[in-house]
Each structure stands twice: as structure tokens, then as C-alpha cells.
Amino acid sequence: MSDPRIWRQLRRHKVAVASMVLFGVAAAVCFLAPWLTPYEFDAIDLSRIRQPPSRDHWLGTDDLGRDLWTRILFGGQISLLIGLISAAVGTGVGTLVGAVAGFFGGRTDALLMRLTDVAYSIPSLPLLIVLASFTQSAFMMIAVIIGLLSWMTTARVVRSEVLSIREMPYVEAARSVGARNRRIIWRHVLPNALGPIVVGGTLAVGNALIVESSLSYLGLGVQPPTPTWGNMLRDAQSTMATEPWLTIFPGLAILLVVLAVNFIGDGLQDALDPRVRSE
Amino acid sequence: MMLGISVIIFGIIQAAPGGPETMLLQSGRIVDPEVIEAYRVRLGLDQPVPVQYVRWLGAAATGDLGQSFARNRPVKDVIFEHLPASLELMGAAFVLAAIMALLLGVVSAVRQYSWIDHLGTGFSFAGIAMPVFWFGLILQLVFAVRLGWLPVSGRQTVGMNSFTDHAAHLVLPGIVLSLRYVAGWSRYLRSSMLGALRSDFVRTARAKGLSERRVVWVHALRNAMIPVVSVMALDTAGLFSGAIITETVFSWPGIGRLFVVAMTQRDYPVLMGILLLGSLMVILFNLVADLLYGWLDPRIRYE
């Protein structure tokens with residue numbers, strides 16, 4: 001990852017660079033929201049309900065007179081945090097399972113991969129719906145659950161990487177100087193499998209954002225009054241015909257951020273995969 | 001395999017707080033603890049958890065999924081009643097996705113870097129980055145609410161039973177459910193076609209003087225389809241998850257919608273039944289993918 005060639009390669013992927021800027025700006029705007037908007041996300045103003053976009057309310061107001069732009073920014077904080085946390089959880093668990101299975105092989109490998117197959121075969125969205133219903137909709141819990149249901153692909157990818165890495169001469173060398181397994185995995189195996197882990201983790205952020213919004217849409221995600229992009233869309237559905245802006249803008253926010261994350265993942269994949277790297 | 005899945009599903013549902021009796025309490029109709037105890041005994045909820053599991057598994061193996069708490073009818077009947085609507089929707093989405101992906105994938109590969117290729121790339125990135133339900137809402141807004149061309153939701157207009165009415169209701173949900181698959185499959189097919197078009201057997205076919213159309217649509221496509229078909233089979237099981245969202249957006253009376261309703265009613269036997277069915281589908285289509293792979297590519301043989 002610290003290889004300067006990777007950064008040089010990544011910079012050549014123009015769309016990925018633009019996406020990084022977009023993602024950075026979006027995150028900054030969301031987290032600086034208190035200083036960027038004169039309104040509170042839950043400030044009800046009954047004299048200004050259901051206003052279309054205007055100079056005072058850039059994206060209009062909802063049926064309680066709350067400013068939509070403000071709510072998108074504050075909702076973005078929660079949505080982005082859920083995306084990042086669950087991607088971290090899923091990638092972490094997947095890496096651990098994949099590394100242990102690939103490194104130790106034998107019975108451990110068989111057992112862990114069987115477990116992965118089983119987890120993979122249960123349709124994840126229905127399971128998520130059931131699990132989310134016990135969480136009392138705390139956003140941390142929802143993030144962790146989304147992560148815990150999306151580790152299987154990472155585990156498989158990491159395992160197959162580790163299988164080839166553990167045969168490398170430098171692993172042999174580390175073993176011959178008496179390094180312990182834990183140290184070999186951390187210092188020698190995982191750093192060399194970092195490429196696919198990083199790419200998978202990036203794409204997981206986008207996926208988690210979509211999953212969060214779907215859960216919230218079904219009424220099982222983070223509950224109002226805390227806004228997230230998903231539950232804003234749920235609220236907007238009933239007034240879609242008369243106040244379409246309430247439906248259009250939160251969805252656009254999801255679309256843009258997920259697009260950006262996916263393009264970043266794409267750029268990283270090109271930059272980290274030596275086979276497609278052009279010098 | 002199925003055994004592991006059934007343990008997980010059962011365990012998770014068991015861990016769920018508040019059983020059906022809580023729902024009865026909340027409904028305010030029954031408050032007498034004796035009545036509730038009798039109800040629990042009748043449903044077998046007074047037994048220890050492992051006993052409940054073994055009973056449930058034994059019954060499930062013979063096709064009996066238990067009684068629905070909320071509807072007081074066998075789960076099997078409830079599921080089968082909702083299945084045709086879902087299969088219809090999934091079938092329509094599958095056919096639509098396959099046709100669209102085929103056209104888009106082949107044309108983008110044959111005319112690489114043309115406007116249609118760029119359009120396809122943009123479309124699939126957007127298709128994957130969009131929440132399915134939002135795409136559904138936008139289509140409803142444009143085609144049903146604003147333009148009034150198609151019905152907003154449901155499976156048929158009350159009192160009408162014509163084919164065209166039925167078909168009109170199917171259009172929007174079908175498009176919405178197929179979106180993700182068109183996006184994914186057309187990309188796979190594009191890259192696999194690009195590989196096939198550069199291979200030796202395509203050069204040979206051209207050298208034999210075959211028409212370009214035949215070379216592309218028969219020789220190259222047949223080989224390019226091999227990896228795509230197995231991806232398609234694997235994804236088909238996932239249609240089930242997509243159907244939950246799509247059916248909710250369009251109030252489509254299938255098992256996806258049933259699942260969401262059963263969730264709000266805490267109707268665990270129905271939830272378990274649907275989860276089990278969904279897992280069965282995943283395993284089944286995994287098998288189908290393997291078999292298709294061997295059939296399409298004679299070089300692969302399972303011993």
C-alpha cells in the first residue's frame with residue numbers, strides 16, 4: 001500500500017480521483033453540517049410546511065416544515081457512519097476467518113469454510129430484517145449486524161490469497177527464524193493480501209449504505225426523529241405525488257455517494273492488481 | 001448443509017424477543033394469563049427449546065411447517081397462496097433481465113468504446129449504486145403518478161381480470177426487480193465477450209467466411225455465455241431478497257410482502273418457513289449453476 005507506484009496508478013484513474021474528491025466533500029459537508037446550515041434537523045416550522053426548493057430552503061421542506069437540505073446533511077452523518085462501521089466489521093471478520101482458514105488449512109479450514117457456505121446460503125436480506133427487529137433500531141447495532149452478515153465474500157477471497165501466500169519463500173524464511181504463527185499472519189501474510197481486502201472493504205461501504213436504506217425503508221432501520229437517508233425516503237413515500245422533492249433528493253444523495261465509493265473501489269482494484277497495471 | 005441452516009434460522013428466531021403471546025397481550029383482547037398459557041401449550045411453546053427444534057425439523061422434513069400464529073392456518077398453505085404472485089414477478093424480471101443483459105452485453109462488446117458501450121457502463125454503475133426501492137418510487141412517480149400510463153401498485157385492478165390489466169401491473173415491478181441483474185449480467189457478458197472475440201476460434205470462424213452476425217451471435221456468444229450462465233443461476237436465488245423490497249414498494253401480494261407483514265406480526269412459523277424456502281432456493285440454484293457449467297463446457301467433468 002505504501003508503494004508509490006500504486007498512488008501514481010490510482011491518480012491516473014480520473015474517475016476514481018474525482019470520486020475521492022466527491023466523497024471527501026460529501027463527508028465533510030455532512031459532518032460540518034451544524035456550521036453550514038442555519039436550521040436544526042428537527043426544527044419544526046408549521047408556517048413553512050411542504051415548500052418546494054427555494055432560496056431559503058435549498059431543497060424545500062417536508063410536511064413538518066423541516067429543512068430538507070439540513071436533514072440530508074444530518075442524515076448523511078448517520079448513513080455514512082453505518083456504511084463505514086459495517087464495512088469495517090464485515091471486512092474484519094471476513095479477513096480473520098479467511099486468514100485463519102487459509103493459513104492453518106486442514107480441519108480448521110474445512111470447518112470454517114463449511115460455516116461460510118452455510119452463512120452464504122441463508123438469504124441475507126430476510127435474515128437482516130429479522131435481526132434488525134431485535135435491535136431497538138440503535139444505529140450502532142444496525143451497523144454491526146449489516147457487517148456481520150457480509151463477511152463471507154471477503155473470507156473466501158482472503159482465504160484463496162492466503163493459500164498461495166503461505167507457500168512463499170518469505171513465509172518459510174520467517175518460520176525458519178522461529179516466528180510464531182500469529183506474527184507470521186500479521187507481519188508477512190496479511191500485508192501481502194491487502195489489495196483485495198482494501199478493494200472489498202471499499203465496495204462494502206457502498207453496499208452497506210444501500211442495505212441500510214432498504215432496512216429503513218421497510219421501517220426496521222434507524223427510527224425517526226433521527227434522520228438517515230433511508231428513513232427520510234420512507235417518510236417521503238406517502239406524499240410523493242405532491243412533494244416529489246422529498247423523494248428525489250435523499251435518493252440522489254445515496255446514488256452519488258455509492259457511485260463515488262464504487263468508482264474508488266474500481267480505481268483501487270486497477271491500481272492494486274499488478275496484472276492490469278500499465279507502466 | 002440444510003441442517004446447519006435450519007439450526008441457525010431456528011436459533012435466531014428463538015432469540016427474538018416477544019413471542020406471539022406478547023402480540024395477543026398488546027392487542028388487548030386477551031389478558032387472562034391462563035388463556036395465554038393454554039395458547040402456549042397448544043402451540044407447543046411450553047416445551048424446552050431443543051424439543052421445539054426437533055419437532056419443528058421433523059415436521060419440516062415432511063413438508064409440514066407448522067401453524068401460522070397470526071392466521072391460524074398451516075404455514076404451508078399461507079406460503080403456497082402467495083407463491084404464484086412472487087414466481088410470476090421473479091419470472092418476468094428474470095426474462096427481462098436476461099434479454100436486456102444479452103443485448104447490452106453483446107453490443108457493448110462488439111462496439112467497444114462506442115456511445116452505446118459508454119451508456120451501458122454508466123447504466124450499470126448507476127443500477128448497482130441505486131437503492132432498488134428508490135428506483136421503484138421514481139418510476140411510480142413518473143409513469144404512474146405523473147404520466148398515468150401504468151397502475152401505481154397491486155397485481156390487478158379490483159373487479160377486472162383481463163390479461164392486459166394484469167400485464168400492465170407487472171411492468172413496473174418487473175423492471176425494478178430486473179435492474180440490478182441487467183446491470184450485473186451485461187457487464188459480465190461484455191467482458192467475457194471481449195475475451196471470446198479475441199480468441200482463435202473466432203478468427204477461424206471468420207476465416208471460414210462465416211457471416212459476422214453468425215460469428216458474433218453463435219460462435220463467440222456460446223463460449224462467452226459459459227461463465228455468465230453460472231453467475232445468472234447463482235443470482236437467481238438472490239431474486240428472492242430483491243422481491244421483498246420490490247413487492248413492498250408495489251404492494252405486490254407475494255411471499256416477499258408476506259415476509260414483511262409476518263415480521264410485523266411476529267408470526268415466527270411463517271418467517272421460518274420463508275427463510276427455509278429461500279435457503280433451499282440458494283442451494284438449489286448453486287447446484288443448477290454447477291450442472292449448467294458442466295453441460296455448457298464439456299471440458300469440465302465431475303467425477
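For the structure itself, look to the data block above.
Residues numbered from 1 in each chain as written. Chains lettered and ligands numbered in written order. Predicted model: local features only at pLDDT ≥ 70, side-chain atom pairs only at ≥ 80, totals over all residues. Heavy atoms only, no water.

Caption draft 1: Representation of the overall build of chain A. From N to C terminus, chain A includes 13 helices and zero strands. Going residue by residue from the N terminus, the α and β elements of chain A occur as α-α-α-α-α-α-α-α-α-α-α-α-α. Per-residue burial over chain A gives 51% buried out of 279 residues. Considering only contacts in chain A between residues 6 or more positions apart, those separated by 24 or more positions represent 69%. Only carbon and sulfur atoms are counted for the fraction: they give 62% of the accessible area of chain A, which is about 13,100 Å². (Helix = DSSP H or I, 4+ residues; strand = E, 2+ residues; numbered from the N terminus. Buried < 20%, exposed > 50% of the residue type's maximum accessible area, 1.4 Å probe, protein only. Contact = heavy atoms within 4.5 Å. Areas by Shrake-Rupley, 256 points an atom, 1.4 Å probe, with all protein chains shown as cover.)

Caption draft 2: Highlighting the interface of chain A and chain B. In this assembly, 36 residues from chain A lie in contact with 41 residues from chain B. For the pairing of chain A and chain B, the buried interface totals around 3,400 Å² over both sides, and the portion due to carbon and sulfur atoms is 82%. Run the count over chain A and chain B and you get zero salt bridges. Along the contact surface separating chain A from chain B lie one residue pair in polar contact (both at pLDDT 80 or more). Only α5 (106–121), α6 (124–132), α11 (194–217) and α13 (245–272) of chain A provide two or more residues apiece to the side of chain A that touches chain B. No other element matches α13 of chain A, which puts eleven residues into the side of chain A that touches chain B. Class assignment for the residues of the side of chain A that touches chain B results in 25 nonpolar, nine polar and two charged. (Buried area = accessible area lost by both parts, 1.4 Å probe. Salt bridge = Lys/Arg side-chain N within 4 Å of Asp/Glu carboxyl O. Polar contact = N/O pair within 3.5 Å; in protein donor to acceptor, adjacent residues only side chain to side chain. Nonpolar A, V, L, I, M, F, W, Y, C, P; charged D, E, K, R; others polar.)

Caption draft 3: Fine view of the side chain of D109 of chain A. Looking at the secondary structure, you find D109 of chain A in helix α5. If we ignore the near neighbours within four places in the chain, the residues touching D109 of chain A are A101, G102 and R159 of chain A.

Caption draft 4: Summary view of the packing of helix α4 (residues 68–104) of chain A against α5 of chain A. All names here are of chain A. In the contact formed by α4 and α5, the axes pass within 7 Å of each other and the chain directions differ by 145°. Classified by chirality, the crossing of α5 by α4 is left-handed. Residues V97, V100, A101, G102 and F104 of α4 lie in contact with α5, whose contacting residues are G106, T108, D109, L112, M113 and T116. (Axes fitted to C-alpha atoms, helices over the stretch in contact; angles between N-to-C directions. Left-handed = near helix turned anticlockwise from the far one by under 90°.)

Caption draft 5: Spatial organisation of helix α8 (residues 163–197) of chain B. Residues and elements named next belong to chain B. Look at α8: only 42 Å from first C-alpha to last across 35 residues, short of the 51 Å you get at 1.5 Å a residue. The largest bend in α8 amounts to roughly 40° and is located at S178. Counted residue by residue, α8 has 25 buried out of 35 residues, so it is predominantly covered. (Expected span 1.5 Å × (residues − 1). Bend = angle between axes of the 7 residues up to and from the residue.)

Caption draft 6: Looking closely at the nonpolar core. Membership of the largest hydrophobic core comes to 137 residues, with the highest contact counts inside it found for I129 of chain A together with M193 of chain B. Each of domain 1 (2–60) and domain 2 (84–296) of chain B contributes no fewer than three residues to this core. In this structure, M193 of chain B is in contact with V106, A109, V216, A220, L221 and A224 of chain B, ignoring residues within four places of it in sequence. In this structure, V162, I165, V189 and L190 of chain A belong to the second largest nonpolar core, which totals 14 residues. (Core = buried A, V, L, I, M, F, W, Y, C linked by side-chain atoms within 4.5 Å. Domains from an automatic or database assignment.)

Caption draft 7: Quick peek at the pattern of salt bridges. Residues and elements named next belong to chain A. Overall, the coordinates contain seven salt bridges over all chains when judged by the stated rule. Between R159 and D109 there is a salt bridge, with the nearest N and O atoms lying 2.7 Å from each other. Highlighted residues: R159 in helix α8 (residues 152–165) and D109 in helix α5, separated in sequence by 50 residues. On the basis of relative accessible area, R159 is assigned to the partly exposed category, the value being 22%. D109 sits in the buried class, given a relative accessible area of 11%.

Caption draft 8: Fine view of the packing of helix α5 (residues 75–110) of chain B against helix α6 (residues 115–129) of chain B. Residues and elements named next belong to chain B. One can describe the packing of α5 onto α6 by two numbers: an axis separation of 8 Å at closest approach and a directional angle of 130°. With respect to each other, α5 and α6 are oriented oblique. Judged by the twist between their axes, the crossing of α5 over α6 is left-handed. Within the contact between the two elements, α5 uses L104, V107 and S108 and α6 uses I116, D117, G120 and F123. Looking at the contact of α5 with α6, its residues break down into four nonpolar, two polar and one charged. (Parallel < 35°, antiparallel > 145°, perpendicular 65-115°, else oblique.)

Caption draft 9: Inspection of a positive patch on the surface at higher detail. Residues and elements named next belong to chain A. Together, R8, R11, R12 and K14 give the surface a local cluster of positive charge. Of all the elements, helix α1 (residues 4–12) adds the most residues to the positive patch, at three residues. Mapped onto the secondary structure, K14 falls in helix α2 (residues 14–31). (Patch = residues over 30% accessible without salt bridge, like charges linked within 9 Å, V, L, I, M, F, W, Y side chains within 5 Å. Lys, Arg positive; Asp, Glu negative; His and termini not counted. Charge placed at Lys NZ, Arg CZ, Asp CG, Glu CD.)

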